[in-house]
Amino acid sequence: MTMTAEEQMSEGQHAIPMEGEDITPKKDGGVLKLVKREGTGTELPMTGDKVFVHYVGTLLDGSHFDSSRDRGEKFSFELGKGQVIKAWDIGVATMKVGELCQLICKPEYAYGSAGSPPKIPPNATLVFEVELFEFRGEDVTEEEDGGIIRRIITKGQGYSKPNEGASVDVIVVGSCEGRVFDERELKFEVGDGEGLGFPVGVEKAIMAMEQEEEALFNIKPKYGFGNAGNAKYNIPGGATLQYKIKLTAFEKAKESWEMNTVEKLEQSSIVKDKGTQYFKEGKYKQASVQYKRIVSWLEHESGLSEEDENKAKALRLAAHLNLAMCFLKLQEPNQVLENCDKALDLQASNEKALFRRGEALFGMKEFDKARDDFQQVAQLYPANKAAKSQVSLCQKRIKEQHEKDKRIYANMFQKFADRDSKEAETVKGEGKASDDDGMEVENGEKEVASEA
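To start, this report covers the structure provided alongside it.

Rules used throughout
- Residues numbered from 1 in each chain as written.
- Predicted model: local features only at pLDDT ≥ 70, side-chain atom pairs only at ≥ 80, totals over all residues.
- Heavy atoms only, no water.
- Helix = DSSP H or I, 4+ residues; strand = E, 2+ residues; numbered from the N terminus.
- Contact = heavy atoms within 4.5 Å.
- Areas by Shrake-Rupley, 256 points an atom, 1.4 Å probe, with all protein chains shown as cover.
- Core = buried A, V, L, I, M, F, W, Y, C linked by side-chain atoms within 4.5 Å.
- Buried < 20%, exposed > 50% of the residue type's maximum accessible area, 1.4 Å probe, protein only.
- Axes fitted to C-alpha atoms, helices over the stretch in contact; angles between N-to-C directions.
- Parallel < 35°, antiparallel > 145°, perpendicular 65-115°, else oblique.
- Left-handed = near helix turned anticlockwise from the far one by under 90°.
- Nonpolar A, V, L, I, M, F, W, Y, C, P; charged D, E, K, R; others polar.
- Polar contact = N/O pair within 3.5 Å; in protein donor to acceptor, adjacent residues only side chain to side chain.
- Phe/Tyr/Trp six-rings, centres within 6.5 Å; stacked < 30°, edge-to-face > 60°.
- Lys NZ or Arg CZ within 6 Å of the ring centre and 35° of its normal.

## Notes on the overall build of the chain
Secondary structure assignment for the chain yields 11 helices and 13 strands. At a minimum sequence separation of 6, the contacts of the chain that also span at least 24 residues come to 65%. Accessible surface computed for the chain: about 25400 Å², of which carbon and sulfur atoms make up 49%.

Here is the structure:
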């Protein structure tokens, strides 16, 4: 039968002294810390930080069971996420960069009554020598591009996080280069943040948080105020921002599968009006977010009554047409084409869909295709004078393009002709040389023959 480390001690074997400061929250002696070398600075790692350490693990009798130093590779983990034993989450959180310490960990803060066979027996007290080399915040961007880095001050409750459209209660403090430029406590819906003066990174940060969490976020320009900066807050272009955010409460917006048809139709009408208001204010990105919600709710809805089917179709059509208009304003022609095509699937020959698709194609210099769309509008809707004007403009651009192409091809053909002429002269010159060579060969052959 395998003896525990404590039983081995009773057999008189050498034991590591049980010394150090009790650093457990309960002060139950479960983790004792002894600093062997002080670290530098004052900053400590926070929950969620990725920490990089070297460690050597031993039993109380001094026998080694694991060592990152032997492997020659630092060990990393996310602090406070339960990726390691409790003693490590507690102990490493108290360390500074460069610090070397000893952690004595009671079984309930290590591997408990199960142990970790074959090297760690049941109910074993473990000793770790740990050195902290660095720590860095958690990247909460979808692309993991380092644009939004979180450092948790107070861990939140539960696992649920706000989604698009969720109602959130937050306390927000924004700063830049040590200067606080925004400090507010407010309630709003995720998706409305830009209209409240928040950069896009703030809402992305909030959607990564748990209830009652408080965290620091370092937001790069891509997710901040970009190269333009923000005149209202006196933020220069290209500035990195810091936000301290506390999510005091939130209520998730219902997902599509959580709503019945009546709710989807009601909510779609509400967000349609909301999107229209944003559009009127020139907030095209925020407007597009609202219209996309309609599509996500109703695009795959089936088995509707005739009345509800007509309502859903009208809402989807309006959403795609409005998305096309938003993307025209945002100069994203491919998105315009996609939404116009979907609108035309719902209602063939829709005037707005054809016209807006024509505008997008015109912007992409696809003048032939744009003319076809505008001509179709002019034929189907004779009162649309703008379409007729656009047809004329497309014809003008096509003609200009043809003239330009003719000049390019004319120059190209002239270059080919000049090149061919030069090559012909070169070949002719080489031909003479060949004749001379032939004569020499021929004379040579005669000479050889006479010699024979």
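## Comments concerning the nonpolar core
Tyr 291, Ile 294, Leu 298, Val 336, Ala 370 and Phe 374 are the most contacted members of the largest nonpolar core, which totals 41 residues. If you list the elements that add at least two residues to this core, you get α5 (261-280), α6 (284-298), α7 (306-329), α8 (333-346), α9 (351-363), α10 (367-380) and α11 (385-451). If one sorts the elements of this core by residue count, α7 sits on top with 9 residues. Beyond its immediate sequence surroundings of up to four residues, Leu 298 is in contact with Lys 264, Leu 265, Ser 268, Ala 312, Leu 315 and Arg 316.

## A closer look at the packing of α7 against α9
At their nearest, the axes of α7 and α9 sit 10 Å apart, and the two run at 20° to each other. By the angle between their directions, the pair α7 and α9 is classed as roughly parallel. Considering how the two elements wind past one another, α7 and α9 form a crossing that is left-handed. In contact with Leu 321, Asn 322, Ala 324, Met 325 and Leu 328 of α7, α9 contributes Lys 352, Ala 353, Arg 356, Glu 359 and Ala 360. Taken together, the residues of the contact of α7 with α9 sort by class into 6 nonpolar, 1 polar and 3 charged.

## A word on the side chain of His 54
Within the secondary structure, His 54 is located in strand β3 (residues 50-59). Here Ser 68 takes part through its side chain, which lies 2.8 Å from a polar atom of the side chain of His 54. Ignoring sequence-local partners within four residues, the contact set of His 54 consists of Ser 68, Arg 69, Gly 72, Glu 73, Lys 74, Glu 129, Val 130, Glu 131 and Phe 133.

## Structural notes on unusual backbone geometry
In this structure, the amide linkage connecting Pro 117 to the following residue, Pro 118, adopts the cis form with an omega of 5°. Looking at the secondary structure, you find Pro 118 in the loop between β6 (100-105) and β7 (126-136). Phi is positive for Asn 234, close to 60°, though the residue is something other than glycine. By the secondary structure assignment, Asn 234 is in the loop between β12 (214-219) and β13 (241-251). You can call Asn 234 exposed: its relative accessible area is 59%.

## Focus: the packing of aromatic side chains
The tally for this structure, following the rule as stated, stands at 16 aromatic pairs. Consider the rings of Phe 65 and Phe 128, whose centres lie 5.7 Å apart with planes at 85°: the pair is edge-to-face. Of the two residues, Phe 65 is situated in strand β4 (residues 64-67) and Phe 128 in strand β7; the sequence distance between them amounts to 63 residues. Relative to Trp 88, the ring of Phe 75 lies with its centre 5.8 Å away and its plane at 80°, an arrangement referred to as edge-to-face. Of this pair, Phe 75 sits in strand β5 (residues 75-78) while Trp 88 sits in helix α3 (residues 86-92), and the two are 13 residues apart along the sequence. A relative accessible area of 4% means that Trp 88 is categorised as buried. Of the aromatic side chains, those joined through ring pairs into one cluster are Tyr 55, Phe 65, Phe 75, Phe 77, Trp 88 and Phe 128. Geometry around Phe 133 places Lys 74 over its ring, the cationic atom sitting 4.7 Å from the centre.

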